[in-house]
Amino acid sequence: MSPQSLTCQLSGTQLVHGDHGPGSEVAPSISVTTTFRRAVPYDDPERLGAMDPERHVYSRYSQNVTSRVEQILSKVNQGHAITYASGLAAAFSALVHFKPKRIAISGGYMGCHGSISTYIKGRFTDTPIIGLDDEFREGDLCWLESPLNPTGESRNIQYYADKIHAVGGKLLIDSTFGPPPLQYPFKWGADCIFHSGTKYFGGHSDLLCGIIIVKTEAERTQLWHDRVYMGNMMGSLESWLLLRSLRTMHLRIPRQSASGTEIAQWLSRAIVPEGQEYDGIPGGVVTKVWHSSLQETDANGFNPSVQMEGGFNACFSILLAKKEYAEKLPHSLEYFVSATSLGGVESLVEQRIQSDPKEDPLLIRLSIGVEEVTDLKDDLRRALVEISKGI
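Residues numbered from 1 in each chain as written. Predicted model: local features only at pLDDT ≥ 70, side-chain atom pairs only at ≥ 80, totals over all residues. Heavy atoms only, no water.

**Here we look at the sheet that holds strand S1 (residues 80-84)**
1) Next: A sheet is described by the order of its strands in space; here 7 strands give the open sequence S1-S7-S6-S5-S4-S2-S3, paired in mixed fashion. The sheet is open, and its two edges are formed by S1 and strand S3 (129-130), each paired on a single side.
2) Next: Helix H6 (residues 217-230) contacts S1 and strand S7 (210-214) of the sheet and is inclined by roughly 15° relative to S1. (Pairing = 2+ DSSP bridges. Helix = DSSP H or I, 4+ residues; strand = E, 2+ residues; numbered from the N terminus. Contact = heavy atoms within 4.5 Å. Axes fitted to C-alpha atoms, helices over the stretch in contact; angles between N-to-C directions.)

Here's what the structure looks like:
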């Protein structure tokens, strides 16, 4: 599909009807079988049945609900999608698929760095890690996360696509913070898109899932063969939960995006000196807010509003003035749950150092859910007042 044909519209019709499910069930049953009866002896001489979504052989190869999920994911991501047992299972599988000579990565989700380290441990040849701004060479894999975890800042996908393709390398985009309809990385030159589907695709904090999307069916077939023998497919229940979640994705994500953008911009205006206040938020408490909507056009002409054509990210970070503020805030809120992860319908808050020891102890990550934005702002305002007073 050409870049010109990509659109920022996420079709509810595709999400609800795009899986062509067989039979009369409106909501498919959860399949618990591991194996399937062969209907006719010797009717598959080339042994292609395992690749046929209507003709299952063994659940490590495929099963009905997983195949339905992958049909929808392929359509809404404008490519060829395959699912995995978790985001990091997908990340590791991408590394096995690309077999990079070197990996270019800077910052971002600690889990992906851990997956890369595990992959390298199993290699007999050295696989150096370089920075995104280092010089690239043929055989390199550029691993670019945008928007970035935990801050929510956007990176210029087209810039890195041009840079890596100029030397014959590949570009993988971790688009977990920017699911459809927010951004479509293939439009900007990505070779492969990675998502922790646990987050926005799942959307209810009740499943683990990883997703890889590639441009051709041939590439997907290679990934499928690897998955068969790595054994890291999704379970039957998780596939069912994901299919349920996809039905409302076009309703959840635009709302989360709009609310997250409003709250990030509102908090950014509260960066005022101590002794002053903004909209009831005391000054000197919030010292920095990161969010794609707050980025200005850079020296290369990049503005996130062009790349994130369907809306800005709903997960972002703020910096507080004191460590005690950052320790207290997650436990002073009513509607934000003090928990790690992101992307669910419920808003979450985390002092990020509790999950990633490398992070600034003053940094708070906020994942905005689908609650009323006025209630979330009231909750933040009250909690920020309380921690500033030592309550």
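Back to the write-up after that little detour.
**Comments concerning the packing of helix H3 (residues 87-98) against H6**
1) Next: Their axes nearest at 10 Å, the elements H3 and H6 cross at an angle of 115°. The two elements H3 and H6 cross, and the hand of that crossing is right-handed. Contacts between H3 and H6 involve Phe92, Ser93, Val96 and His97 from the former and Glu219, Gln222, Leu223, Asp226 and Met230 from the latter.
2) Next: Along the lines of polarity and charge, the residues of the contact of H3 with H6 split into 4 nonpolar, 3 polar and 2 charged. (Left-handed = near helix turned anticlockwise from the far one by under 90°. Nonpolar A, V, L, I, M, F, W, Y, C, P; charged D, E, K, R; others polar.)

**Examining the environment of Ala258**
1) Next: Here Ala258 lies in helix H8 (residues 249-268).
2) Next: Residues Ala258 and His113, spaced 145 residues apart in sequence, show a C-alpha to C-alpha distance of 30 Å.

**Let's talk about the sheet that holds strand S12 (residues 337-338)**
Through backbone hydrogen bonds, the strands of a sheet pair up, either in parallel or in antiparallel fashion.
1) Next: In space, the 5 strands of this open sheet follow the order S10-S11-S14-S13-S12, with mixed pairing throughout. Single-partner strands in this sheet number two, and they are strand S10 (286-290) and S12.
2) Next: Pairing geometry for S10 and strand S11 (residues 315-320), over 4 bridges, is antiparallel. By the bridge assignment, Lys288 is partnered in S11 with Leu319.
3) Next: Contacts from H8 reach S10, S11 and strand S14 (363-367), with the element oriented near 15° to S11.

**A short note on the nonpolar core**
1) Next: Ranked by internal contacts, the top residues of the largest apolar core, which has 45 residues, are Leu73, Cys142, Leu144, Leu171, Leu242 and Leu246.
2) Next: For this core, the secondary-structure elements that each account for two or more residues are helix H2 (64-76), strand S4 (140-145), helix H5 (157-165), strand S5 (170-174), S7, helix H7 (236-246) and H8.
3) Next: Ranked by the residues each element gives to this core, the list is headed by H2, at 5 residues.
4) Next: Every residue in contact with Leu144, bar those within four places of it in the chain, is listed here: Leu132, Arg155, Asn156, Ile157, Tyr160, Leu171, Leu172, Ile173 and Asp174.
5) Next: In terms of nonpolar packing, the next biggest core, distinct from the first, is built from 27 residues, Ala270, Phe316, Tyr325 and Ala326 among them. (Core = buried A, V, L, I, M, F, W, Y, C linked by side-chain atoms within 4.5 Å. Buried < 20%, exposed > 50% of the residue type's maximum accessible area, 1.4 Å probe, protein only.)

**A few points about unusual backbone geometry**
1) Next: With an omega of -10°, the peptide bond between Ser146 and Pro147 qualifies as cis.
2) Next: Relative to the helices and strands, Pro147 is located in the loop between S4 and H5.
3) Next: Residue Pro180 is joined to Pro181 through a cis peptide bond whose omega torsion reads 10°.
4) Next: The backbone of Gln78 shows a phi angle near 60°, a positive value even though the residue is not glycine.
5) Next: Gln78 sits in the buried class, given a relative accessible area of 17%.
6) Next: Positive phi is not limited to glycine here, since Lys99 has a value of about 45°.
7) Next: For Lys99, the location among the structural elements is in the loop between H3 and strand S2 (102-104).
8) Next: Look at Lys99 and you get exposed, because its relative accessible area is 52%.

**Quick notes on H8**
1) Next: Along its 20 residues, H8 runs 28 Å from first to last C-alpha, staying within 8% of the 28 Å computed at 1.5 Å per residue.
2) Next: By the burial criterion, the buried members of H8 are Met249, Arg252, Ile253, Gln256, Ser257, Ser259, Gly260, Thr261, Ile263, Ala264, Trp266 and Leu267. (Expected span 1.5 Å × (residues − 1).)

**As for the packing of aromatic side chains**
1) Next: Applying the stated criterion across every chain yields a total of 5 aromatic pairs.
2) Next: Plain terms: the ring middles of Tyr159 and Tyr160 are 4.9 Å apart, the flat faces sit at 90° to each other, and that makes the pair edge-to-face.
3) Next: Note on Tyr159: relative accessible area 36%, which makes it partly exposed.
4) Next: Grouped by ring-pair contacts, the aromatic residues Tyr58, Tyr61 and Trp224 constitute a single cluster.
5) Next: Stacked on the ring of Phe136, the Lys or Arg Lys163 has its end atom at 4.2 Å from the ring centre.
6) Next: A cation over a ring is seen here: Lys199 above Tyr109, with NZ or CZ 5.9 Å from the ring centre. (Phe/Tyr/Trp six-rings, centres within 6.5 Å; stacked < 30°, edge-to-face > 60°. Lys NZ or Arg CZ within 6 Å of the ring centre and 35° of its normal.)

**A short note on a nonpolar patch on the surface**
1) Next: Nonpolar side chains collect at one region of the surface, where Ile30, Val32 and Leu237 lie side by side and expose about 290 Å² of accessible area between them.
2) Next: Within the secondary structure, Ile30 is located in the loop between helix H1 (12-17) and H2. (Patch = residues over 30% accessible without salt bridge, like charges linked within 9 Å, V, L, I, M, F, W, Y side chains within 5 Å. Areas by Shrake-Rupley, 256 points an atom, 1.4 Å probe, with all protein chains shown as cover. Salt bridge = Lys/Arg side-chain N within 4 Å of Asp/Glu carboxyl O.)

**Some points on the confidence of the model for the protein**
1) Next: Summary statistics for the protein give a mean pLDDT of 94 and a share of 94% for residues scoring 70 or more.
2) Next: Confidence drops under a pLDDT of 50 for residues 1-7, and excluding neighbours within four residues, the segment shows 9 contacts in the predicted structure. (pLDDT = per-residue confidence, 0-100.)

**Topic: helix H4 (residues 110-121)**
1) Next: Relative to the 16 Å expected for 12 residues at 1.5 Å per residue, H4 spans 17 Å between its end C-alpha atoms, a close match to the ideal helical length.
2) Next: Those residues of H4 that fall on the buried side of the exposure criterion are Gly111, Cys112, Ser115, Ile116 and Tyr119. With its buried residues spanning 140° around the axis, H4 presents them on a single face.
3) Next: Check the buried side of H4 and you find it contacts H3, S2, S3, S4, S5 and strand S6 (192-196). (Arc of directions from axis to C-beta.)

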